[in-house]
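Each chain, written out:
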Amino acid sequence: MKINETYETKILRLNNETEGVGIIDGITTFIPYALPLEIVKVKIDNMYDNYARGTLVEILKESSDRIDPVCPYFYKCGGCNLMHLNYDSGLEFKKEKIESIFKKITNENIKVNNIYNGNNLYYRNKITLKVDKNKIGYYKEKTNTLIDIDKCFIVDNKINNVIKDLKDFINNYPDNEINEIMIRVIDNKVMISIDNISINYKDLFIDKLNNLDSIYINNNLVYGEKVLVETIDNYKFNISPKSFFQVNKKVSKMMYEKAVSYIDKSDITLDLYSGTGTITALLSEKSKKVIGIEVVKEAVNDANNNLKINNISNVEFICDKVENKIETLKKLNIDNIVLDPPRSGSDKKTLKSILEIKPNKIIYISCNPVTLARDYNVLKEKYIIKEINAYDMFSNTYHVETVMVLEKKDV
Ligand SMILES: C[S@@+](CC[C@H](N)C(=O)[O-])C[C@H]1O[C@@H](n2cnc3c(N)ncnc32)[C@H](O)[C@@H]1O
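No experiment lies behind these values; they were computed from the predicted model shown.

A. Up close: the sheet that holds strand β5 (residues 39-47). Pairing is mixed in the open sheet, where six strands are placed in the order β1-β5-β6-β4-β3-β2. Single-partner strands in this sheet number two, and they are β1 (6-10) and β2 (13-14). Alignment of β5 against strand β6 (residues 51-61), held across eight bridges, turns out to be antiparallel. Bridge pairing links Asn46 to Arg53 in β6.

Written out as structure tokens, the structure reads:
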């Protein structure tokens, strides 16, 4: 195999990041946008110790699962990875991805029960876009190349309206200082947040950008509503710019309800990495007491306000790192633990404490099957998998959300 040479190969499977995998001259080769069973021509771009990467040059035999991407930026942008594959096959890919990661990391043959899905387009309620003079869009994956966009096919169309206004704005003010903008839409209300710019932009934004309900500059509210309010079941949740909130309401609602349904009536439930307290609120119906732990101060403030507006009196939030606090809770009678850590997963100290607490059930919610499987390797000392379900929270990307229910072995 030689760099810049073109080869013909059959695609055997997709890797975890949806790149086609072929074997050329005995070397595993990753080819973005090639699909399983296709026969393709590929130009070799890079060779490493035991693999190579190439560019898809021509499809000689096309997969029947291939579709035309709805988004004109798909092959340039890199924000989405699956728009060239029909949606059902993409869902199947995600299920199999979780199973194969578990096989590799835990050597167990797990079965994902189901993958729940919502709308695969226009679903995101929040995005962060890069701005460079009169361009606005995403950085192409793993580069600093800004892909200038007019709209994004996976975000709420209210966000697309803001992008349209922003495009006019930056075209009129190409010397603007904006580097990055966060846009969030909750219950049809629009919040924008921009850091590292002068407060003087406030009046321009109010004048030139339509239908904004909340503007934050440098983390200070300069116009409109302090928080946006989301409703899930009978609960309302205040959300400020820095607070975590799932990006796909329809799918997160299904996921939260299912996760909470595993919890039997109990004494104390821990909700680790509790964010703005969404799961915590739902859990409050099932337990005498729920304790949430979350490190971001703004999220805990929102979470405490959420308790007030929902008249919940059996929840306590601790603002700290889970690993700093969990040991102090060991003596309590904790029946269930729900944990929903960031992509990096939980940590050894926390997992050890969970094993010592020995709750009846552990509900582990994860946006990264690799760290989920890694952490399960620790928890399986005392727990078995009762059920795993997947959620297509991030449609058209290779990301997938997983809910794993663990039960104590000796129950
Ligand atoms: C995936 S989010 C889950 C939030 C919440 N369960 C929800 O569904 O809205 C992970 C949360 O963990 C928080 N976090 C990250 N590292 C943490 C740590 N070491 N200790 C406590 N919270 C942490 C983040 O701020 C974020 O709110």
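Once you've had a look at it, read on.
B. Structural context of the site of the ligand. Not every one of the 20 residues close to the ligand is listed here, only the nearest: Phe244, Tyr273, Gly275, Val295 and Asp340. Those elements that place two or more of their residues in the shell around the ligand are α6 (278-283), β18 (287-294) and α8 (322-325). Across the shell around the ligand, the residue classes tally to 11 nonpolar, five polar and four charged.

C. The arrangement of the nonpolar core in detail. Counting 52 residues, the largest nonpolar core has Ala259 and Ile337 as the members making the most contacts within it. Top contributing element to this core by residue count: helix α5 (residues 249-261), with five residues. Leave out the neighbours within four places in its chain, and Ala259 touches Ile279, Val338, Ile363, Ile365 and Val403. Core analysis: the next-biggest nonpolar cluster, separate from the first, contains 48 residues, Leu85, Tyr123, Ile186 and Phe237 among them.

D. Quick peek at the pairing of strand β17 (residues 266-272). The pairing of β17 with β18 spans six bridges and is parallel. Its bridge partner being in β18, Leu270 is matched across the sheet by Ile291. In terms of strand pairing, β17 meets strand β20 (residues 334-339) through five bridges, oriented parallel. Directly across from Asp271, in β20, lies its bridge partner Val338.

E. A look at the domain arrangement of the protein. With domains assigned, the protein is organised as domain 1 (6-66), domain 2 (126-228) and domain 3 (246-408). Distance from the C-alpha centre of domain 1 to the C-alpha centre of domain 3: 39 Å.

F. Quick look at the pairing of strand β15 (residues 228-232). Pairing of β15 with strand β16 (residues 235-239) involves five bridges; the strand directions are antiparallel. Each residue of the ladder has a partner; that of Glu230, found in β16, is Phe237.

G. Representation of the environment of Asn310 in the model. Position of Asn310 among the secondary structure elements: in the loop between α7 (297-309) and β19 (315-319). Given 16 C-beta atoms within 10 Å, Asn310 falls into the partly exposed group. Spatially, the C-alpha atoms of Asn310 and Asp267 are 21 Å apart, while their sequence positions differ by 43 residues. In this view, Asn310 contacts Tyr235, Lys236 and Ala281; residues no more than four positions away in its chain are not counted.

Conventions and cut-offs
Residues numbered from 1 in each chain as written. Predicted model: local features only at pLDDT ≥ 70, side-chain atom pairs only at ≥ 80, totals over all residues. Pairing = 2+ DSSP bridges. Helix = DSSP H or I, 4+ residues; strand = E, 2+ residues; numbered from the N terminus. Near = placed C-beta within 6 Å. Nonpolar A, V, L, I, M, F, W, Y, C, P; charged D, E, K, R; others polar. Core = buried A, V, L, I, M, F, W, Y, C linked by C-beta atoms within 7 Å. Buried ≥ 20, exposed ≤ 12 C-beta atoms within 10 Å, placed from the backbone. Contact = placed C-beta atoms within 7 Å. Domains from an automatic or database assignment.

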